Amino acid sequence: MDQYIVCARADPRIESHLKANAGRPADLAFAGFMEKELRDAGCVMDGKTVPAYVNGIFFSLDARFLQSLACGEAHPRLQFQPERMTFLDRFIFGTDD
């Protein structure tokens, strides 16, 4: 529980990407989206793939992996608010609509 964040709703861009890539396994499509966006945000991946999974309607991300990234000068942290979580002020995950 202290490593993975799991949510029922993702940023609309992620939902759209999964729908547009419905022919690919959802895990690969989700991880590919996150990897591209993280690189675009200046995060150093060091050849690692993003541990991102889709299980039915739930999205799962490895919080330790996200928090280990260096993105430019910053070491970003997950930000938790009631009903949602954000990362880099760029991704939104939560349980509300």
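That block above? That's the structure.
Criteria and cut-off values
- Residues numbered from 1 in each chain as written.
- Predicted model: local features only at pLDDT ≥ 70, side-chain atom pairs only at ≥ 80, totals over all residues.
- Heavy atoms only, no water.
- Helix = DSSP H or I, 4+ residues; strand = E, 2+ residues; numbered from the N terminus.
- Core = buried A, V, L, I, M, F, W, Y, C linked by side-chain atoms within 4.5 Å.
- Buried < 20%, exposed > 50% of the residue type's maximum accessible area, 1.4 Å probe, protein only.
- Contact = heavy atoms within 4.5 Å.
- Lys, Arg positive; Asp, Glu negative; His and termini not counted.
- Salt bridge = Lys/Arg side-chain N within 4 Å of Asp/Glu carboxyl O.
- Polar contact = N/O pair within 3.5 Å; in protein donor to acceptor, adjacent residues only side chain to side chain.

A. Summary view of unusual backbone geometry. Of note in this structure, Asp46 is not a glycine but carries a positive phi near 50°. Residue placement: Asp46 occurs in the loop between β3 (43-44) and β4 (52-55).

B. Highlighting the nonpolar core. By size, the foremost hydrophobic cluster in this structure holds 28 residues, and its most contacted members are Ile14, Phe30, Met34, Leu38, Leu61, Leu66 and Phe93. Among the secondary structure elements, those contributing two or more residues to this core are β1 (4-7), α1 (12-20), α2 (26-40), β4, β5 (58-62), α3 (63-68), β8 (84-87) and β9 (91-94). Per element, the largest residue contribution to this core is six residues, and it comes from α2. In this structure, Ile14 is in contact with Phe30, Phe33, Met34, Phe59 and Phe93, ignoring residues within four places of it in sequence.

C. Looking closely at the side chain of Asp62. Note on placement: Asp62 falls in strand β5. Notably, Asp62 is buried but unbridged: the nearest opposite-charge side chain belongs to Arg64, and the N-O separation is 5.8 Å. In terms of polar contacts, Asp62 uses its side chain to reach the backbone amide nitrogen of Phe65, at 3.1 Å. Residues within four places of Asp62 in sequence aside, it is in contact with Gln3, Tyr4 and Pro51.

Spatial relationships are all this shows, so hold off on functional conclusions.
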